[in-house]
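# Geometric and topological summary
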Amino acid sequence: MEVTDDWSATAQVQYGRAAGGTETTSDNLIALNYSMTNGELTLRAGYSRADVAIISGSTTAGTIAALDPAVANTNLSGQQAGSSVEGAFAGLAAMYDNGTILAIAEYTSLTVDSYFADQDGYYAMGGYRIGHWMPYLTYAFEETTDDSDRLVTSLITSTGSSAGDAATIAGINANLVGLNNEQTRTALGLRYDLKPGVAIKAQYDMVDAGDAAGEFDAGAPSDGKANILSITIDTVF
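These remarks concern the structure in this document. Keep in mind it's a predicted model, so treat the numbers as computed, not measured. (Residues numbered from 1 in each chain as written. Predicted model: local features only at pLDDT ≥ 70, side-chain atom pairs only at ≥ 80, totals over all residues. Heavy atoms only, no water.)

### Observations concerning the overall build of the chain
For clarity, the threshold we go by: Labels follow the DSSP assignment, with helices taken as runs of H or I lasting at least four residues and strands as runs of E lasting at least two, numbered in each case from the N terminus. Burial classes follow relative accessibility: with a 1.4 Å probe on protein chains only, a residue under 20% of its type's maximum area counts as buried, one over 50% as exposed, and anything between as partly exposed. Every residue pair with non-hydrogen atoms within 4.5 Å of one another is taken to be in contact. For the accessible areas, the method is Shrake-Rupley and the probe is 1.4 Å, while residue cover comes only from the protein chains on display. Only four residue types enter the tally: Lys and Arg on the positive side, Asp and Glu on the negative side; His and the chain ends are excluded. In plain terms, the charge of a residue is placed at NZ if it is Lys, CZ if Arg, CG if Asp and CD if Glu.
When you go through the chain residue by residue, the secondary structure sums to two helices and ten strands. If you list the helices and strands of the chain from N to C, you get β-β-β-α-β-β-β-β-α-β-β-β. Considering the chain as a whole, with its 237 residues, one finds that 28% of them fall into the buried category. Look at the contacts in the chain between residues 6 or more apart in sequence, and 55% of them connect residues 24 or more apart. Working note: accessible area of the chain is about 13900 Å², and carbon and sulfur atoms make up 57% of it. Looking at charge distribution, the chain has the averaged site of its 10 positive side-chain charges lying 10 Å from that of its 29 negative ones.

Here it is as structure tokens:
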């Protein structure tokens, strides 16, 4: 769709079901996407929501099985995850590419109706093409935004003593804090285009998760920091 002599726009509306993952499936998925471009500059906005069903036997199902009964007797009693939760995702992005300079920026926000974490994130990337080569710099940040809202402060039914209540609350919160996340990633990279659709990329990442788990599934460094060197071949079919 042509908006003006310089800008064209595309809008998409989707409805369906997403399956095939090992942790969740998404039912009643509704997605809205809109983009505008004038050749060198592209702007995008998107929103989606879905009823997210937890797959039985998955890691997520195990987490819920441990937390739901504990949370039921607290001030968070209305936030049990059960077998399905509603989630929503929104994003804004911009890309500038004049053939020499490449710049990309994106912001995303995820909300989930339970004690599972809401998350915001953004990244910015800039690159400069020199023939077939492109050095680039990327900075990314992500964090959970409802950490304090997911803390247990009281029990519906007391254990019978203030010390027992405090110990129970501390035990539940220790598990909920494990869902918190805050991480930065700075990457320096060099890309070489072998031919259209095929490129070799070397990238050095500096990751800082602070005192949260971040992207580390297990064996996180004690200071939350890691440096990663990767060499990859990117292809487009």
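### Examining the packing of aromatic side chains
How we decide: Only rings of Phe, Tyr and Trp enter the pairing, Trp through its six-membered ring, and a pair is recorded when the two centres are within 6.5 Å. The plane angle decides the type: under 30 degrees is stacked, over 60 is edge-to-face, the rest tilted.
Per the stated rule, a full pass over the model turns up four aromatic pairs. Within the aromatic cluster, the residues linked to one another by ring pairs are Tyr122, Tyr139 and Phe141.

### What about the environment of aspartate 208?
In this fold, aspartate 208 is placed in strand S9 (residues 198–208). Sequence separation between aspartate 208 and aspartate 223 is 15 residues; the distance between their C-alpha atoms is 8.2 Å. Leaving out residues up to four positions away in the same chain, aspartate 208 has contacts with Glu182, Gln183, Thr184, Asp223, Gly224 and Lys225.

### Thoughts on helix H2 (residues 162–177)
Note that an α-helix has 3.6 residues per turn; residues three or four places apart therefore point the same way. Convention followed: A helix is expected to span 1.5 Å for every residue after the first. Think of it as the arc spanned by the lines of direction from the helix axis to the C-beta atoms.
With 16 residues, H2 should cover 22 Å at 1.5 Å per step; its first-to-last C-alpha distance of 22 Å lies within 8% of that length. Residues of H2 that are buried include every one of Asp165, Ile169, Ile172, Asn173 and Leu176, and no others. Relative to the axis of H2, the buried residues are bounded by an arc of 100 degrees and lie together on one face. Those residues of H2 that are exposed and aimed more than 90 degrees away from the buried face are Ala163, Ala167 and Ala174.

### Considerations on a nonpolar patch on the surface
What counts here: Exposure above 30% relative accessible area and the absence of a salt bridge qualify a residue for a patch, where like charges join within 9 Å and nonpolar side chains (Val, Leu, Ile, Met, Phe, Trp, Tyr) within 5 Å. What makes a salt bridge here is a side-chain nitrogen of Lys or Arg within 4 Å of a carboxyl oxygen of Asp or Glu, nothing more.
Together, Val13, Tyr15, Ile30, Leu32 and Tyr47 make up a nonpolar patch on the protein surface, roughly 540 Å² of accessible area in all. Where the nonpolar patch is concerned, the elements lending two or more residues are strand S1 (8–18) and strand S2 (24–37). Tyrosine 15 sits in the exposed class, given a relative accessible area of 60%.

### Notes on the pattern of salt bridges
What the rule picks out here adds up to ten salt bridges. Two residues, aspartate 234 and arginine 191, come together in a salt bridge whose shortest N-O distance is 3.9 Å. Here aspartate 234, found in strand S10 (residues 225–235), pairs with arginine 191, found in strand S8 (residues 182–195); they are 43 residues apart in sequence, far enough to count as distant. A relative accessible area of 28% places aspartate 234 in the partly exposed class. Residue arginine 191 is classed as partly exposed on the basis of its relative accessible area, which comes to 26%. Bridged by salt links that share partners, the residues Arg191, Asp193, Lys201 and Asp234 form one connected network.

### Quick word on the sheet that holds strand S4 (residues 84–97)
Counted only if it meets this: One bridge is not enough; two strands pair if DSSP finds at least two bridges between them. Axis definition: a line fitted to C-alpha atoms, over the contacting stretch in the case of helices. Angles run 0 to 180 degrees between N-to-C directions.
An order of S1-S2-S3-S4-S5-S6-S7-S8-S9-S10 is seen for the ten strands of this open sheet, with the pairing classed as antiparallel. Looking at which strands have only one partner, the edges of the open sheet turn out to be S1 and S10. Strand-to-strand twist across the sheet, computed as the mean angle between neighbouring axes with direction ignored, equals 10 degrees. Two elements, S2 and strand S3 (residues 41–54), share twelve bridges in a ladder whose sense is antiparallel. When the sheet's bridge partners are listed, isoleucine 30 is paired in S3 with arginine 49.

### Concerning unusual backbone geometry
In most cases, non-glycine residues show a negative phi, while peptide bonds are predominantly trans. At asparagine 28, a residue that is not glycine, the phi angle is positive and equals roughly 50 degrees. In this fold, asparagine 28 is placed in strand S2.

### What about the nonpolar core?
Let me state the cut-off plainly: By nonpolar core we mean a set of buried residues, namely Ala, Val, Leu, Ile, Met, Phe, Trp, Tyr and Cys, connected to one another through side-chain atoms within 4.5 Å.
In terms of nonpolar packing, the biggest core is built from 16 residues, with Ile64, Ala81, Tyr115, Phe116, Val152 and Leu176 touching the most fellow members. For this core, the secondary-structure elements that each account for two or more residues are S3, helix H1 (59–71) and H2. Residue contacts for valine 152: discarding those within four places in its chain leaves Thr74, Asn75, Leu76, Ile169, Ile172, Asn173 and Leu176.

### So, H1
Condition: Polar contacts here mean pairs of N or O atoms no more than 3.5 Å apart (in protein, one a potential hydrogen donor and the other a potential acceptor; neighbouring residues in sequence count only if both atoms are side-chain atoms).
With 13 residues, H1 extends 18 Å between its outermost C-alpha atoms, agreeing within 8% with the 18 Å of an ideal straight helix rising 1.5 Å per residue. Three or more residues of H1 are buried, namely Thr60, Ile64, Leu67, Asp68 and Val71. Against S3 and H2 lie the buried residues of H1. The backbone nitrogen of alanine 61 lies 3.1 Å from a side-chain oxygen of the residue at the head of H1, namely serine 58.

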